[in-house]
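# Summary of the model geometry
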Amino acid sequence: MRDVLAIILGGGRGTRLYPLTKRRAKPAVPLAGKYRLIDIPVSNCINSDIEKIYVLTQFNSASLNRHIVNTYRLSPFTGGFVDVLAAQQTPDNPDWFQGTADAVRQYLWLMDSWKPRDFLILSGDHLYRMDYRPFIHHHRQVGADVTLAVLPCEEKVASGFGLLKLGENGRIVDFKEKPTGDLLKACQVDTQALGLSPEEAKAKPYIASMGIYVFRREALIEMLKVKEHTDFGKEVLPAAIGKYHLQAYLFKGYWEDIGTIEAFYRANLALVQQPNPPFSFFDSEMPIYTRPRFLPPNKILDSQIVNSMIADGCIIKNAQIRNSIIGIRSRLEANTIVENTLVMGADYYESAEERQARLEEGIPPVGIGANSHIVNAIVDKNARIGRNVRILNKDHVTEAQREEEGIWISNGIVTIIKDSVIPDNTII
C-alpha cells in the first residue's frame, strides 16, 4: 500500500450538521465522547497500511488542524503523514473549492508529486470500519480505472446517494447522483446479483455509492482536466461511464452517513442502546485512534448509570444517566438526570475558584448544574447549563433556531450550541 495516497474530503460548510459545524470543520465534530469524525477514515487508512494521507478542508479548519497535529505523528522512516490542505487562492486557482472534484484538482499538483499508483478518495463524515486493502487489490486485479465501494439500500434513503447499475463482471454501466421521482424508480435493480436473498433484494432494490473511490493515477489526472466538472458524484463519474472502466466493490459491513443532526445523534446513541451495536470501538485488531489526552480517571459519586458510555476525566455527582454518552471532562452536579443524550464534554477544566467566581457573576460553570434534567439532546462542548434546567422538548417542537439563546432544534433533537450559557431555571 505504499504506492497509494489517500485523500479525505472534509466537506464544505457542513450546513446539514449545523450548529455542530458553527465553529469547526465537519471532520472535527466530536464522536462517541472522545473521538472526532476524522478519526474514522484516518484510522481505517492506518489499519490498512496506507500512511500518506491528505485532508482537504475549506471552512473552520483551526480545531481540525490542531487535532491532527496533536494526534497523528507517523513514522519518519516510512514517509507517512497526515496533513491538512485548506482551500487557498492562487494565481492559477483564484476561487475556493467548487466541489469535491475541484478540491482534488486544485491540489493535484502537490498530491501527484508522490507519483502514487492509485488515489484513494474518502469522505470525512461516515462511520464504518473498513480494510481498504481487499478493495484496492480488487481494483487492480480487474484493471479498473475507478472502483466504487457500494452497498444495497432501501428506497426511503436511496435519493440521498449516488445510485448505479451494473453490467457483466461488476462493471458500472449507469450512475445517477441523488435521483428523485421517475429517475429514482429507473435506478431499481435486482440486488440478488450482489448475493442478497430474495427478501433482502426486495427490501433493498438500489445499489448506492458509499463515496469511497479508488482511482488509477492516470485516469484521475485525465478526468480532472475537464474543469467544468467540479463534483465527483454529479459530474465526473457520470461522464466517465462508457469512456473508462468503472467497477463496483460490494462492502458487507456497517456503514452510516452521519452528515445530518438526526443521523449523527442516532449513530452515537446506537453505540449504547443495543447490547451488540452495529459499530463498536472495542476492536483491538482495527482500533480507532484519537488524540491521547492523559486525563485523570473518572470520579463518580453515588450515581446510577445504565446503558451508557463515560469518557475520561469526568466528575459525576449523584446523577442518573441512561442511554447516553458523556464526553471528556464532563461535569454533572448533584441530582442531574440525563437520558438519551450526547454530552460532548469540555476542552478544559475550571478550578474551584473559577467556578465560584462564575457563580457569583450569575454565570453557570462549565457542565450541567444541580437538579437539571436533559432528555433527547446533544450538548456541545463547553456548554454552561445552570441549575434546575429542564431540556425536555415536551411540546415536541421539530424545528427551531434560537441561536442567540444557544438552542437549536432539528428533527425534534435539541442541540445546546458550543460555549452557550443556559441560565438557571430555564425550561426548553
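As a reminder, the structure under discussion sits directly above these lines.
This structure is a prediction, so every number in the text was calculated from the model and none was measured. (Residues numbered from 1 in each chain as written. Predicted model: local features only at pLDDT ≥ 70, side-chain atom pairs only at ≥ 80, totals over all residues. Heavy atoms only, no water.)

### Here we look at the sheet that holds strand β24 (residues 373-375)
Going by this rule: Here a strand pair is declared whenever DSSP counts at least two bridges between the two strands. Segments assigned H or I by DSSP are reported as helices when at least four residues long, segments assigned E as strands when at least two residues long, and all are numbered from the N terminus.
If you trace the 5 strands from one edge of the open sheet to the other, you get β15-β18-β21-β24-β27, paired in parallel fashion. What marks the edges here is a single partner per strand, and that holds for β15 (304-306) and β27 (390-391). As judged from the 2 bridges shared by β24 and β27, these two strands associate in the parallel manner. Residue pairing across strands places H373 opposite R390, the latter belonging to β27.

### Overview of unusual backbone geometry
Operational definition: Using a 1.4 Å probe on the protein chains alone, a residue whose accessible area is under 20% of its type maximum counts as buried, one over 50% counts as exposed, and one in between counts as partly exposed.
The omega torsion of the bond from Y18 to P19 falls at 15°, within 30 degrees of zero and hence cis. Along the chain, P19 falls in the loop between β1 (4-9) and β2 (30-31). Of note in this structure, F294 is not a glycine but carries a positive phi near 55°. Along the polypeptide, F294 turns up in the loop between α11 (261-273) and β14 (299-301). Accessibility expressed as a relative area gives 75% for F294, which makes it exposed. Although it is not a glycine, N340 sits at a positive phi angle of roughly 50°. Within the secondary structure, N340 sits in the loop between β21 (337-339) and β22 (342-343).

### Observations regarding the nonpolar core
To keep it simple, the criterion reads: Residues belong to a common nonpolar core when they are buried Ala, Val, Leu, Ile, Met, Phe, Trp, Tyr or Cys residues joined through side-chain atoms within 4.5 Å. Contacts: residue pairs with any heavy atoms within 4.5 Å of one another.
Core analysis: the biggest nonpolar cluster contains 66 residues, and L120, Y132 and I212 have the highest contact counts within it. Ranked by residue count, the leading element in this core is α11, at 7 residues. For Y132, the contacting residues outside a window of four places in its chain are P41, N44, C45, S48, I50, L120, L122 and I212. The next biggest cluster of nonpolar side chains, apart from the first, holds 39 residues, and it includes L9, L85, V104 and Y213.

### Description of the sheet that holds strand β19 (residues 325-326)
Spatially, 7 strands are ordered β16-β19-β22-β25-β30-β29-β28 in an open sheet, and the strand pairing comes out mixed. At either end of the open sheet lies a strand with only one pairing partner, and these are β16 (309-310) and β28 (399-402). Here β16 runs beside β19; their pairing, made up of 2 bridges, is parallel. Each residue of the ladder has a partner; that of M309, found in β19, is I325.

### Quick look at the pairing of strand β5 (residues 81-86)
Worth spelling out the cut-off: Handedness rule for crossovers: strands pointing away from the viewer, path from the first strand over the helix to the second running clockwise, crossover right-handed.
Across 6 bridges, strand β4 (residues 52-57) lies against β5 in parallel orientation. Residue pairing in the sheet places T57 in a bridge with A86 of β5. The parallel pair β4 and β5, bridged by helix α2 (residues 62-71), forms a crossover whose chirality is right-handed.

### Some details on the pattern of salt bridges
Opposite charge on two side chains makes pairing possible when the charged atoms of those side chains draw close. Note the threshold: A carboxyl oxygen of Asp or Glu within 4 Å of a side-chain nitrogen of Lys or Arg is what we treat as a salt bridge.
Summed over all chains, the structure comprises 29 salt bridges. Note that K22 is salt-bridged to E403, the shortest N-O span being 3.1 Å. Here the residue K22 occupies a position in the loop between β1 and β2, and E403 occupies one in the loop between β28 and β29 (407-410), the gap between them amounting to 381 residues. For K22, a relative accessible area of 29% puts it in the partly exposed group.

### Remarks on the pairing of β28
Of the pairings in the sheet, the one linking β28 to β29 comprises 4 bridges and is antiparallel in character. Bridge pairing in β29 places A400 opposite I409. Here β28 folds back onto β29 in antiparallel fashion, the turn holding 4 residues, of which G406 has a positive phi close to 80°.

### Remarks on the environment of G170
If you trace the backbone, G170 turns up in the loop between β9 (162-166) and β10 (172-177). Expressed as a C-alpha distance, the spacing of G170 and V421, which sit 251 residues apart in the sequence, is 54 Å. Not counting chain neighbours up to four residues away, the residues in contact with G170 comprise L246, Q247 and A248.

### Things to note about the packing of aromatic side chains
Put simply, the rule reads: Put simply, two rings from Phe, Tyr or Trp (the six-membered ring, in Trp's case) pair if the centres are within 6.5 Å, and we call them stacked under 30 degrees between planes, edge-to-face over 60, tilted for the rest.
Taken as a whole, this structure holds 12 aromatic pairs when the rule is applied. The interplanar angle of 55° and the centroid separation of 5.6 Å between the aromatic rings of F161 and W255 together place this pair among those described as tilted. Highlighted residues: F161 in the loop between α6 (155-158) and β9 and W255 in strand β13 (residues 255-257), separated in sequence by 94 residues. Accessibility classification places F161 together with W255 in one group, the buried group. Here the aromatic rings of F215 and F232 are separated by 5.4 Å at their centres, their planes lie at 45°, and the arrangement is tilted. Of this pair, F215 sits in strand β11 (residues 206-216) while F232 sits in helix α10 (residues 232-240), placing them 17 residues apart in sequence.

### What to know about helix α1 (residues 39-47)
Buried residues dominate α1, accounting for 9 of its 9 residues. All of the buried residues in α1 are D39, I40, P41, V42, S43, N44, C45, I46 and N47. Two residues or fewer past α1, D49 is found with a positive phi of approximately 65°.

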